[in-house]
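Single-letter residue listing:
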Amino acid sequence: MSYLARALPKRVLAPSVAQSLRQTRGLSTTTLQTTPSTRTTQLTPRTNQPRQFRHRSYHSDLHARLPDHSYTNSQTAILTSALAHVPTHGFSATALTLGARDAGFLDVSVQLLPRGEFDLILFWLASRRGLLRGKVEEGGLFRRIAAEKGKDVHELSVEERVRGLLLERLRMNADVRDVWQDALAQMSLLANIPLSLTELHALASDILTLSGDDTVDATWYTRRLAVSAIYASAEVVMTRDPTPDLVETAAFVERRFDDRKALADKITGIGQCAGFGWNTAIGLGRSWGLKI
């Protein structure tokens, strides 16, 4: 019996153990085969190239960009030739047609100017600003202004230079003053006001810059506004000035500058008076024991 006890487990248990081992091996093999493989991420080396940003252009329906009034060579040739006909025909389509013929273009070439007569006005304004700048760069204009006042060029103040440049710019309109009222009417149209004001501001800025005004405080805006207002009002007076050398217009400009200076002195006096009164009130309050 003892022999059977020792021999029976060997014969009976051995197959079951082998079968269990085979099942375990099969399970392990199945598990290993069905296990998903781990994803590997391929890393790219960093470079020193700058990052590319998309350009986003700002756009606002409330503040639309003003149309550009730069001209091509053909447009410039037509407008330059047309200026010679402005004193006779005004800023009109007839002057543009005659200018196109003088430049060697067909009459239909005036269609190259999308704004028509207003382009001729803008070209006149821009070209006169260029002529004024050229006279200052030559140096003869300030010498003539200084000689009229009995001074040396270096003795001229900024205000005297501004007056001289403004009057010189008005004298450039002497040949077209008979037709300038029509030009003012064109510039006052609703669609033409933005570009007209842009040209007026550019003229005022050029006059102050050429005069040596280098202020960078809040008066930078008020000075340009004042020069623009004086010039715009003087243009209206110029259209009614019968004198050959615009003597009445020059007198009007002098009065406007004097009024501006008097108004500035009054505002300064009012400010000083208000400051004196405020300091007096503070001193009186402190004498009464108030903690001010």
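Within any chain, residue numbers begin from 1 and follow the written order of that chain's sequence. This being a predicted model, a pLDDT of at least 70 is required before a residue's local features are given, and a value of 80 or more before pairs of side-chain atoms are given or counted; all residues contribute to the totals for chains, interfaces and linings. Side-chain descriptors were evaluated using all non-hydrogen atoms of the structure, hydrogens and water having been removed beforehand.

**Observations concerning the overall build of the chain**
At step 1: Here a helix means four or more residues in a row that DSSP labels H or I, a strand means two or more in a row labelled E, and each is numbered from the N terminus. Helices and strands together make up the secondary structure of the chain, namely eleven helices and zero strands.
At step 2: In the chain, the order of α-helices and β-strands from amino to carboxyl end is α-α-α-α-α-α-α-α-α-α-α.
At step 3: Per-residue accessibility, obtained with a 1.4 Å probe over protein chains only, is compared with the maximum for each type, and a residue is labelled buried under 20%, exposed over 50%, and partly exposed between these values. Buried positions account for 32% of the 292 residues belonging to the chain.
At step 4: Long-range contacts, defined here as pairs at least 24 residues apart, represent 67% of the contacts in the chain between residues at least 6 apart. Only heavy atoms enter the contact rule, under which two residues are in contact if any of them lie within 4.5 Å.

**Some points on the nonpolar core**
Among soluble globular proteins, nonpolar side chains are generally buried collectively.
At step 1: Think of a nonpolar core as a cluster: buried Ala, Val, Leu, Ile, Met, Phe, Trp, Tyr and Cys residues, connected wherever their side-chain atoms sit within 4.5 Å. One finds Val86, Phe91, Leu96, Leu120, Ile121, Trp124 and Trp180 to be the most contacted residues of the largest nonpolar core, which totals 26 residues.
At step 2: Of all the secondary structure elements, the ones that give two or more residues to this core are α2 (73–82), α4 (93–102), α5 (117–138) and α8 (180–187).
At step 3: When residues in this core are grouped by element, the largest group, seven residues, is from α5.
At step 4: For the purposes of this description, domain bounds are those given by an automatic or database domain assignment. Residue contributions to this core reach at least three from each of two domains, namely domain 1 (69–114) and domain 2 (118–273).
At step 5: Counting residues in hydrophobic clusters, the runner-up holds 25 residues, among them Val162, Leu170, Met172 and Ile230.

**Notes on the packing of aromatic side chains**
Each aromatic ring pair is summarised here by two numbers: the centre-to-centre distance and the angle between the ring planes.
At step 1: Each Phe, Tyr or Trp ring (for Trp, its six-membered ring) is paired with any other whose centre lies within 6.5 Å, and the angle between the two planes then decides the class: stacked below 30 degrees, edge-to-face above 60, tilted in between. What the rule picks out here adds up to four aromatic pairs.
At step 2: Centroid distance Tyr71 to Phe123: 5.9 Å. Interplanar angle 70°. Geometry classified as edge-to-face. With Tyr71 in the loop between α1 (2–34) and α2 and Phe123 in helix α5, the pair connects residues that are 52 residues apart, well separated along the chain.
At step 3: Residue Phe123 is classed as buried on the basis of its relative accessible area, which comes to 13%.
At step 4: A ring pair is formed by Trp220 and Tyr221, whose centres lie 5.1 Å apart and whose planes are at 75°; its orientation type is edge-to-face.
At step 5: Relative accessible area serves as the criterion here: at 29%, Trp220 is assigned to the partly exposed category.
At step 6: Classification of Tyr221 as exposed rests on a relative accessible area of 60%.
At step 7: Here a set of aromatic residues connected by ring pairs shows up, and it is made of Phe91, Trp124 and Trp180.
At step 8: The ring of Trp220 carries the charged tip of Arg224 above its face, separated from the ring centre by 3.9 Å. Our definition puts a charge over a ring when NZ of Lys or CZ of Arg is within 6 Å of the ring centre and also within 35 degrees of the ring normal.

**Here's the deal with unusual backbone geometry**
At step 1: Although it is not a glycine, Leu246 sits at a positive phi angle of roughly 55°.
At step 2: Mapped onto the elements, Leu246 comes out in the loop between α10 (219–238) and α11 (247–287).

**Thoughts on the side chain of Asp119**
At step 1: Mapped onto the secondary structure, Asp119 falls in helix α5.
At step 2: Excluding anything up to four places from it in sequence, Asp119 contacts Tyr71, Leu79, Leu113 and Pro114.

**Concerning a nonpolar patch on the surface**
At step 1: Patch construction takes residues with relative accessible area above 30% that form no salt bridge. Like charges are linked within 9 Å, and nonpolar side chains (Val, Leu, Ile, Met, Phe, Trp, Tyr) are linked within 5 Å. The Shrake-Rupley method, run with a 1.4 Å probe sphere, supplies the accessible areas, and residue values consider only the shown protein chains as cover. Salt bridge, as applied in this entry: a Lys or Arg side-chain nitrogen positioned within 4 Å of an Asp or Glu carboxyl oxygen. Taken together, the side chains of Leu190, Ile193 and Leu197 define a hydrophobic patch exposed on the protein surface, amounting to about 320 Å² of accessible area.
At step 2: Residue position: Ile193 is located in helix α9 (residues 193–210).

**As for α4**
At step 1: When we look at burial in α4, the residues that qualify are Ala95, Leu96, Gly99 and Ala100. Along the axis of α4, the buried residues cluster in a sector spanning 135°; they form a single face.
At step 2: Tucked inside the fold, the buried residues of α4 contact α2, α3 (86–89) and α5. The directions considered for the arc are those from the helix axis to the C-beta atoms.

**A few points about the environment of Ala250**
At step 1: Along the polypeptide, Ala250 turns up in helix α11.
At step 2: Considering only alpha carbons, one finds Ala250 and Glu168, 82 residues apart in sequence, at a separation of 9.7 Å.

**Notes on the side chain of Gln75**
At step 1: Residue position: Gln75 is located in helix α2.
At step 2: Of the residues examined, Gln75 reaches a relative accessible area of 12% and is grouped as buried.
At step 3: Excluding anything up to four places from it in sequence, Gln75 contacts Ser70, Leu112, Leu113 and Pro114.

**Structural notes on the pattern of salt bridges**
At step 1: In the structure shown here, the tally under the stated rule is 16 salt bridges.
At step 2: With its nearest N and O atoms 2.7 Å apart, the salt bridge here joins Glu168 to Lys135. With a gap of 33 residues between them, Glu168 in helix α7 (residues 158–171) and Lys135 in helix α5 connect regions that are remote in the sequence.
At step 3: Classification of Glu168 by relative accessible area gives buried; the value is 7%.
At step 4: When salt bridges with common partners are traced through the structure, they connect Lys135, Arg144, Glu148, Glu168, Arg171 and Asp245 into a single cluster.

**Describing α7**
At step 1: Given the number of residues in a helix, its expected span is that number minus one, multiplied by 1.5 Å. In a regular helix each residue adds 1.5 Å, so 14 residues correspond to 20 Å; α7 covers 20 Å between its end C-alpha atoms and thus fits that length.
At step 2: Within α7, eleven of the 14 residues are buried, leaving the element largely enclosed by the surrounding structure.
At step 3: Residues Glu160, Arg161, Val162, Arg163, Gly164, Leu165, Leu166, Leu167, Glu168, Arg169 and Leu170 constitute the buried set of α7.

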